Amino acid sequence: MSFECPDCYYRNSEVTFGGEIQAKGVRISCSIKSREDLNRQIIKSDSCTIFIPALQMEIPPETQRGTTTTVEGMIKKAADGLEEGQPQRV
C-alpha cells in the first residue's frame, strides 16, 4: 500500500506481510561505507529489529512496522521520533 496526500504531503508506504513468521529469525548485516550506501532500500517487517552499533541505536519491532524506505530514511524517522518526545524528558 502506498499513497501521498497532495494537500499536506503526508506519505505512507506500508507493507503488510501475509506469510507465517519463522520460528528462528535471520540476521542480515550491511556496512555503510559511503553516502550512496545510505540510499539502500529497506523493507522492515513488523517483527524486525534494526540495530546500528556505531550509533548504539536500536529500532524495535513495534516501531516503523511494515515500512519500505532507505537506510537514511529509517535513521531519520527514528531521530525525529526521539526528538518529538524530548521536551517531556527534560
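(A) Expanded view of the overall build of the chain. Looking only at helices and strands, the chain has 2 helices and 6 strands in total. When the helices and strands of the chain are read in sequence order from the N terminus, they spell out β-β-β-β-β-β-α-α. A burial count over the chain gives 20% of its 90 residues as buried. Taking the contacts inside the chain whose residues are at least 6 apart along the sequence as the reference set, 43% of them involve residues at least 24 apart. Accessible area of the chain: about 7,600 Å², with a carbon and sulfur share of 52%.

(B) A look at the nonpolar core. Membership of the largest hydrophobic core is limited to 6 residues, which are I50, I52, M57, I59, M74 and A78. If we ignore the near neighbours within four places in the chain, the residues touching I50 are I42, K44, M57, E58, I59 and M74.

(C) Representation of the side chain of D37 within the structure. One can find D37 in the loop between β2 (11-12) and β3 (41-44). Residue class for D37 comes out buried when judged on its relative accessible area of 14%. Within the structure, the side chain of D37 is placed 2.8 Å from the backbone nitrogen of K33, a separation counted as a polar contact. Leaving out residues up to four positions away in the same chain, D37 has contacts with S31, I32 and V71.

(D) Quick look at helix α1 (residues 71-84). With 14 residues, α1 should cover 20 Å at 1.5 Å per step; its first-to-last C-alpha distance of 20 Å lies within 8% of that length. Along α1, the residues classified as buried are V71, M74 and A78. For α1, the arc enclosing every buried residue in end-on projection is 70 degrees, short of the 170-degree limit, so these residues lie on one face. Exposed and facing more than 90 degrees away from the buried side of α1 are E83 and E84. In this structure, the buried residues of α1 make contact with β3, β4 (50-52), β5 (57-59) and β6 (67-70).

Parameters at a glance
- Residues numbered from 1 in each chain as written.
- Predicted model: local features only at pLDDT ≥ 70, side-chain atom pairs only at ≥ 80, totals over all residues.
- Heavy atoms only, no water.
- Helix = DSSP H or I, 4+ residues; strand = E, 2+ residues; numbered from the N terminus.
- Buried < 20%, exposed > 50% of the residue type's maximum accessible area, 1.4 Å probe, protein only.
- Contact = heavy atoms within 4.5 Å.
- Areas by Shrake-Rupley, 256 points an atom, 1.4 Å probe, with all protein chains shown as cover.
- Core = buried A, V, L, I, M, F, W, Y, C linked by side-chain atoms within 4.5 Å.
- Polar contact = N/O pair within 3.5 Å; in protein donor to acceptor, adjacent residues only side chain to side chain.
- Expected span 1.5 Å × (residues − 1).
- Arc of directions from axis to C-beta.

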